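Commentary on secondary and tertiary structure
Residues per chain are reported as follows:
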Amino acid sequence: RAKDAGRNRLEYYEAAMNAKAVQRLQLENDLRSALAKGQLTMYYQPKVSVSSGEVVGMEALLRWSHPQIGFVSPADFIPVAEESGLINEIGDWVLHQVAMQQRIWLSQGYRIVPVAVNLSVRQFGQKNFAEKIQSIVRNVGIPTHFIELELTESMLMDIGGDSIRVMDQLNEAGFDLSLDDFGTGYSSLSRLKLLPMKSLKIDQSFVRDIDTDENDEAIVNATAVLAHAMEMKVIAEGVETQAQLDFIRDLHCEEYQGYLFCRPVPESIAVTYLQRESAI
Ligand code: C2E
Ligand code: MG
Ligand code: MG
Ligand code: MG
């Protein structure tokens, strides 16, 4: 009987695993056609100056509206895109889309702020990656400094030996680089010094309880001191309350993003943050 129960459990797990694998394969197939079917769109979230309250940048965030499932979070489909290799095609599309958006905003006379694009580790490993994205942006006809690139800290551990060279190439091509989700990986501080990063984004997990958790406050403080010593700007992610904003101001973070100011929004709303003061 015990043996039977064991076998049943095993069968149960196998069935569940199968269902999961099938689901994943389905998601991968759907994602493969999502681009062609126009189901992917970009949302934008402002980056705000802590001192002036002005919008000084944006981050482009991918959205997928699936015809059956509805909205699928990037946290769920980016890993699928990475494992299947689809991320390279999607990544090119994202960059092209954002560059086109900047060109439209420019031609319509809006104030231009850099728009940040998130990169995946797999994209970074492509041959001639720096040349490729440079040519995507140049072909659209905007300067590279209109685009910022966000790399996650955990990426730094995965990418190969000449990753620093690629970063230098991107930097020399005029893209500002920013280190995303800082504090969640294990990058050594000595390594950080070698990277051509303009800014460092403190992960939202350290911001969430900053007004009540002294450890989080200490971590954010130390990170900001370190970043400033390396001449990097500090951006706090996930600021949802005024109390959190007050803390990150006291800790000398230059910019923030979060629901307190604005959620990621479609282009039609993002553009309202780029309106010029009317000239008198
Ligand atoms: P990320 O780059 O760290 O983006 C920040 C995430 O925090 C976004 O989630 C954003 O919507 C969310 N967020 C912003 N403010 C707040 C806040 O105040 N509170 C809370 N709780 N969350 C906030 P989202 O849009 O779901 O994206 C998740 C992740 O997916 C991103 O993390 C990024 O790693 C990845 N991702 C998104 N778009 C792209 C893309 O185009 N390419 C690649 N490779 N990855 C992307
Ligand atoms: Mg990001
Ligand atoms: Mg982040
Ligand atoms: Mg993140």
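Everything here concerns the structure above.
Residues numbered from 1 in each chain as written. Chains lettered and ligands numbered in written order. Predicted model: local features only at pLDDT ≥ 70, side-chain atom pairs only at ≥ 80, totals over all residues. Heavy atoms only, no water.

1. Describing the site of ligand 1
In the vicinity of ligand 1 there are 21 residues, among which Arg63, Asn118, Asp180, Glu240 and Tyr259 approach most closely. Contact between ligand 1 and Leu62: a nitrogen atom at 3.1 Å from a main-chain N or O atom of the residue. Burial of ligand 1 by the protein amounts to 83% of the accessible area it has alone, namely 800 Å². Structurally, ligand 1 is housed in the largest pocket. For the shell around ligand 1, the class distribution of residues is 9 nonpolar, 6 polar and 6 charged. (Near = heavy atom within 4 Å. Polar contact = N/O pair within 3.5 Å; in protein donor to acceptor, adjacent residues only side chain to side chain. Areas by Shrake-Rupley, 256 points an atom, 1.4 Å probe, with all protein chains shown as cover. 1 Å grid on protein atoms, 1.4 Å probe; cavity = no way out; pocket = protein on both sides within 12 Å on 5 of 7 lines; lining within 4 Å. Sits in = over half its atoms within 2 Å of the grid points. Nonpolar A, V, L, I, M, F, W, Y, C, P; charged D, E, K, R; others polar.)

2. Considerations on the nonpolar core
Among the nonpolar cores identified, the biggest contains 78 residues, and Leu149 and Leu170 are the most heavily contacted of them. In terms of residues, this core owes the most to one element, helix H3 (residues 87-107), which gives 7 residues. In this structure, Leu170 is in contact with Phe124, Phe129, Ala130, Ile133, Leu149, Phe175 and Leu177, ignoring residues within four places of it in sequence. (Core = buried A, V, L, I, M, F, W, Y, C linked by side-chain atoms within 4.5 Å. Buried < 20%, exposed > 50% of the residue type's maximum accessible area, 1.4 Å probe, protein only. Helix = DSSP H or I, 4+ residues; strand = E, 2+ residues; numbered from the N terminus. Contact = heavy atoms within 4.5 Å.)

3. Quick notes on the coordination of the magnesium ion (ligand 3)
In this structure, Asp180 (OD), Asp181 (OD), Glu237 (OE) and Glu237 (OE) serve as the protein donors to the magnesium ion (ligand 3), at separations of 2.0 to 2.6 Å. One chain supplies every donor to the magnesium ion (ligand 3), and in sequence these donors are spaced D-D-x55-E. A separation of 4.1 Å is found between the magnesium ion (ligand 3) and the magnesium ion (ligand 2), which are bridged by Asp180. Remark: Glu237 occurs in the loop between strand E8 (233-236) and helix H11 (242-250) and Asp180 occurs in strand E6 (residues 176-182); sequence separation between them is 57 residues. Across the pair, Glu237 and Asp180 agree in class, each one buried. (Donors = N, O, S within 2.8 Å, 3.2 Å for Na, K, Ca; no water.)

By themselves these figures say nothing about function.
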